[in-house]
Amino acid sequence: MLITAIFVAFSRDLMAVVMVFGAYSLLSAGMFVVMDAPDVAFTEAAVGAGVSTLLMLIALSKTGRFERRAGRQWLPLGITLVTTAVLVYGTLDMPKVGHPENPVHQHVAPRYLEESGQEIGIPNVVTSVLASYRGFDTFGEVVVVFTAGLGVWLLIGGIRRKGDR
Amino acid sequence: MHDSLILRVVAKFLIPVIVLFGLYVVFHGKLGPGGAFQAGVILASALIVHMLVFGVDETRRVAPPRVLRALAAIGVLLYGGTGLASFAFGANYLDYNVLGSAPTAGQYLGILLVELGVCITVSSTMALLALLFAERVRA
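This text gives an overview of the structure that appears in the document. (Residues numbered from 1 in each chain as written. Chains lettered and ligands numbered in written order. Predicted model: local features only at pLDDT ≥ 70, side-chain atom pairs only at ≥ 80, totals over all residues.)

1. Looking at helix H2 (residues 14–34) of chain A
All names here are of chain A. End to end, H2 covers 30 Å across 21 residues, agreeing with the expected 30 Å (1.5 Å per residue, within 8%). The complete set of buried residues in H2 reads Val17, Phe21, Gly22, Tyr24, Ser25 and Ala29. Each buried residue of H2 sits inside an arc of 160° when the element is viewed along its axis, so together they form one side. Tucked inside the fold, the buried residues of H2 contact helix H1 (2–10) and helix H3 (38–63). Of the residues trailing H2, Asp36 is marked for its positive phi of about 65°. (Helix = DSSP H or I, 4+ residues; strand = E, 2+ residues; numbered from the N terminus. Expected span 1.5 Å × (residues − 1). Buried ≥ 20, exposed ≤ 12 C-beta atoms within 10 Å, placed from the backbone. Arc of directions from axis to C-beta. Contact = placed C-beta atoms within 7 Å.)

Take a look at the structure:
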């Protein structure tokens, strides 16, 4: 995964970058499976490795395959390094992954896990949380997807004025 | 675009399988991993394979953008409508308990409708995006 990420950062052949980035997505999907999150892995494999790779390829066929050589840009490098340092410093305070005493396991998660069987009556807790307990949020997500699609349609393909084609 | 017999035959065989798998993921989302978002993407990918193999014009004929746009809106309305339906039974918005004879039956129905709505919206939006991009490239 690290190798693919480094390749993506340094290669100038954008076609290869898109392909390797797809492989990166697939690898992270594998990582999610290892961490017992098959639902997330499913999404990553379908969206990250599948559809977004395709959209990038289509975009590339419009824009051209190779990256223009740019000069050394120190400001972006500095910003990236500082942000990385801050994030790494932040992770030092993170609780241990998977520890049962973590705050995230103490809030509403136990209740969902223990009672969704009786309250919702379906075995997949992820689905019952997404569609029922957090129904409002999911509705928001759907509206976001719809609005994004609408925006793209309006921008690049949609309404043609009279006389256009 | 190249016209490859092998691609056409394989795609003809593959597209129904992809669609079937997508539907399986929607309706199986309650039991195993998966759910409406993933299923929507899988269904859209079936259409995208169709577009890659048979060309944009053929796909426009099968799934006109007008229909895809309408479907995207219908999915959102189905989700919102399920929420409104629970008003009719005197409960809060998106409270599915009242939709069935027992709370769990209501939840089952509510989640199914909501997931269907999500799936319809996601799949048609994704397919619409791919179609628009492809047209743009060709133009």
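2. Some remarks on the packing of H2(A) against H3(A)
Residue and element names in this part refer to chain A. Taken N-terminus to C-terminus, the directions of H2 and H3 make an angle of 175°; their axes are 7 Å apart at the nearest point. When the axes of H2 and H3 are compared, the pair comes out roughly antiparallel. Of the residues in H3, those touching H2 at Leu14, Met15, Val18, Phe21, Gly22, Ser25, Leu26, Ser28, Ala29, Phe32 and Val33 are Pro38, Val40, Ala41, Glu44, Ala45, Gly48, Ala49, Thr53, Met56, Leu57 and Leu60. Considered class by class, the residues forming the contact of H2 with H3 number 16 nonpolar, five polar and one charged. (Axes fitted to C-alpha atoms, helices over the stretch in contact; angles between N-to-C directions. Parallel < 35°, antiparallel > 145°, perpendicular 65-115°, else oblique. Nonpolar A, V, L, I, M, F, W, Y, C, P; charged D, E, K, R; others polar.)

3. As for the nonpolar core
Ranked by internal contacts, the top residues of the largest apolar core, which has 46 residues, are B:Val41, B:Val118, B:Val122, B:Ala127, B:Leu128 and B:Ala130. Within the residue set of this core, elements represented by two or more residues are H3 and helix H7 (135–157) of chain A together with helix H1 (5–28), helix H2 (36–54), helix H4 (65–88) and helix H5 (103–138) of chain B. At 15 residues, H5(B) tops the list of elements feeding residues into this core. Both of domain 1 (1–68) and domain 2 (126–165) of chain A provide at least three residues apiece to this core. If near-sequence neighbours (up to four positions away) are discounted, B:Ala127 is found in contact with B:Ala44, B:Leu47, B:Ile48, B:Ala63 and B:Leu68. (Core = buried A, V, L, I, M, F, W, Y, C linked by C-beta atoms within 7 Å. Domains from an automatic or database assignment.)

4. So, the packing of H1(B) against H2(B)
All names here are of chain B. Between H1 and H2, whose axes approach to 8 Å, the crossing angle comes to 165°. On the basis of the axis angle, H1 is roughly antiparallel to H2. H1 and H2 meet at a crossing whose hand is left-handed. Contacts between H1 and H2 involve Leu7, Arg8, Ala11, Leu14, Ile15, Ile18, Val19, Phe21, Gly22, Val25 and Val26 from the former and Ala36, Gln38, Ala39, Ile42, Leu43, Ser45, Ala46, Val49, His50 and Val53 from the latter. Across the contact of H1 with H2, the residue classes break down as 16 nonpolar, four polar and one charged. (Left-handed = near helix turned anticlockwise from the far one by under 90°.)

5. Some words on H3(A)
Residue and element names in this part refer to chain A. If you check H3, its first and last C-alpha atoms are 35 Å apart, about what 26 residues at 1.5 Å a residue would give, namely 38 Å. At Ser52, H3 shows its largest kink, close to 30°. Of the positions making up H3, those classed as buried are Asp39, Ala41, Phe42, Glu44, Ala45, Ala46, Val47, Gly50, Leu54 and Ile58. Just downstream of H3 lies Gly64, where phi reads positive at about 115°. (Bend = angle between axes of the 7 residues up to and from the residue.)

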